[in-house]
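Okay, here's what each chain looks like letter by letter:
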Amino acid sequence: ENSGEDCTFKVTTSSIGTVKSSNSNSSLAKPVATFNFKPGCLVISSLPNNDEATAATGILVGQLQILILDLVPAGMLVLSDLPSLAAVEVAAAVSNAHAAVVVLSEGSLDSREQLQVICSAVSANVPTVPVNTPNFKFPLAEFFSELPTKYGSQATDMEQRLQAFFKSISIAYTTFGSMQVILVQAEIIVSRIPKYHQARASGASDMTTSEHQFIVRNFEVVDSLIHTFTTLSC
């Protein structure tokens, strides 16, 4: 078995429907997208262009690189380092990840990418580890009541997945403590990452090939969410 081999996900038009061009009102077929990454990697999601999130993620990634060497042989995929990824590529990576660490900071609940990471992970039964920075405010009833306005018909599915995500105890993470405190925080995060996730191992695509078709559990739900996040951003 060669599960550590880089893989290319081919995402065809039939897989993701259509997206609207930002320059016209017409719906255009999404071209085939390719994205190389290692299935079974640890996905790290954080809010781009946020100083607190950037600082926390940078320090956390540096610690995790050492702590997860044996735990996650496929390594890490830090989404904030790849800002040009399309929604479908993010979904492909998250849905085939070993686990997803979501760094929550001020503005995370308004981030379409971070909400998509959460929804994709929960839909595909990928273990998630919520990590909250000091300025993050956990969602109240008002946040969920506004989902229909922002996301239309997908609001109910999104709320179910977000509620499931936030049922997990979030790990407080600050970069202002001593290095010993910061290391302890990282070790707590690592303790929440499973050594072996049976559900993913038995249900994921064959990892021995270098070319994969984009396949995830609950495909219709994830496909619809991708379409929503893509079209609403245009």
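Residues numbered from 1 in each chain as written. Predicted model: local features only at pLDDT ≥ 70, side-chain atom pairs only at ≥ 80, totals over all residues. Heavy atoms only, no water.

K.L.:
How would you explain the sheet that holds strand β5 (residues 42-45) if you had to name every residue and give the values?
P.N.:
Strand order across the open sheet formed by five strands is β6-β5-β7-β8-β9, with parallel pairing between neighbours. Of all the strands in the sheet, the pair left with one neighbour each is β6 (76-78) and β9 (171-172). Relative to β6, β5 runs parallel, the two being bridged by three bridges. Paired with valine 43 across the bridge in β6 is leucine 77. Along the sheet, helix α2 (residues 51-67) contacts β5, β6 and β7 (99-104); its crossing angle with β6, the most-contacted strand, is approximately 170°. (Pairing = 2+ DSSP bridges. Helix = DSSP H or I, 4+ residues; strand = E, 2+ residues; numbered from the N terminus. Contact = heavy atoms within 4.5 Å. Axes fitted to C-alpha atoms, helices over the stretch in contact; angles between N-to-C directions.)

K.L.:
How would you summarise the pairing of β5 if you had to cite specific residues and measurements?
P.N.:
Along β5, one buried face is formed by Leu42 and Ile44 and the opposite face, lined by Val43 and Ser45, is buried too. Regarding the hand of the β-α-β motif, the stretch spanning β5, α2 and β6 is right-handed. Note that β5 and β7 share four bridges and pair parallel. By the bridge assignment, isoleucine 44 is partnered in β7 with valine 101. (Buried < 20%, exposed > 50% of the residue type's maximum accessible area, 1.4 Å probe, protein only. Right-handed = clockwise from strand over helix to strand, strands pointing away.)

K.L.:
A description of the packing of aromatic side chains should follow, citing residues and the corresponding values.
P.N.:
Geometry of an aromatic ring pair is reported as the spacing of the ring centres plus the angle between the planes. Scanning the model with the defined rule gives five aromatic pairs in all. On the numbers, 6.2 Å between centres and 80° between planes, the contact of phenylalanine 138 with phenylalanine 166 is edge-to-face. Of this pair, phenylalanine 138 sits in the loop between β8 (128-132) and α5 (141-145) while phenylalanine 166 is found in helix α7 (residues 155-166), placing the two residues 28 residues apart along the sequence. Each ring, one from phenylalanine 143 and one from phenylalanine 144, has its centre 5.1 Å from the other, and the planes form 75°; the classification is edge-to-face. Grouping aromatic residues by their ring pairs yields a cluster made of Phe136, Phe138, Phe165 and Phe166. (Phe/Tyr/Trp six-rings, centres within 6.5 Å; stacked < 30°, edge-to-face > 60°.)

K.L.:
Hey, could you go over the pattern of salt bridges for me, with residue numbers and the actual values?
P.N.:
Enumeration according to the criterion identifies two salt bridges in this entry. With a closest N to O distance of 3.6 Å, aspartate 110 and lysine 150 form a salt bridge. Pair noted here: aspartate 110 is in the loop between β7 and α4 (112-123) and lysine 150 is in helix α6 (residues 147-151), with a separation of 40 residues, a long-range link. The exposed category is assigned to aspartate 110, whose relative accessible area is 57%. With a relative accessible area of 35%, lysine 150 lands in the partly exposed category. (Salt bridge = Lys/Arg side-chain N within 4 Å of Asp/Glu carboxyl O.)

K.L.:
Go over the side chain of glutamate 113 with me, naming the residues and quoting the values.
P.N.:
One can find glutamate 113 in helix α4. For the buried glutamate 113, which has no salt bridge, the nearest side chain bearing the opposite charge is arginine 112, at an N-O separation of 11 Å. Apart from residues no more than four positions distant in its own chain, glutamate 113 is found in contact with Ser46 and Leu79. (Lys, Arg positive; Asp, Glu negative; His and termini not counted.)

K.L.:
Would you mind going over the pairing of β8 in detail, with residue names and values included?
P.N.:
When you tally the buried positions in β8, you get five out of five residues, the bulk of the element. Because side chains alternate across β8, one face comprises the buried residues Thr128, Pro130 and Asn132, and the other comprises Val129 and Val131, equally buried. Both β7 and β8 contribute to a ladder of five bridges, which runs parallel. Opposite valine 101, over in β8, you have valine 129 as the bridge partner. With respect to chirality, the unit in which β7 leads through α4 into the neighbouring parallel β8 is right-handed. Taken together, the two bridges between β8 and β9 define a ladder with parallel strand orientation. When the bridges of β9 are listed, asparagine 132 appears paired with alanine 172.

K.L.:
Talk me through α4; I want residue IDs and the actual numbers.
P.N.:
Each α-helix winds once per 3.6 residues, and so residues spaced three or four apart point in a common direction. Look at α4: 16 Å from first C-alpha to last across 12 residues, which is about the 16 Å you get at 1.5 Å a residue. A large share of α4 lies buried, amounting to 10 of its 12 residues. Along α4, the positions that sit buried rather than exposed are Glu113, Gln114, Leu115, Gln116, Val117, Ile118, Cys119, Ser120, Ala121 and Ser123. Positive phi shows up at asparagine 125, right after α4, with a value of about 60°. (Expected span 1.5 Å × (residues − 1).)

K.L.:
So what's going on with the nonpolar core? Residues and values would help.
P.N.:
Where a protein is soluble and globular, its nonpolar side chains tend to be buried together. With 32 residues, the main nonpolar core has Val43, Leu79, Phe143, Leu147 and Leu162 as its most contacted residues. Among the elements of the structure, α3 (87-95), β7, α4, α5, α6 and α7 are those that each provide at least two residues to this core. Counting 22 residues, the second-largest nonpolar core is a separate cluster that includes Leu60, Ala99, Val103 and Val190. (Core = buried A, V, L, I, M, F, W, Y, C linked by side-chain atoms within 4.5 Å.)

What is shown is where atoms sit, not what they do.
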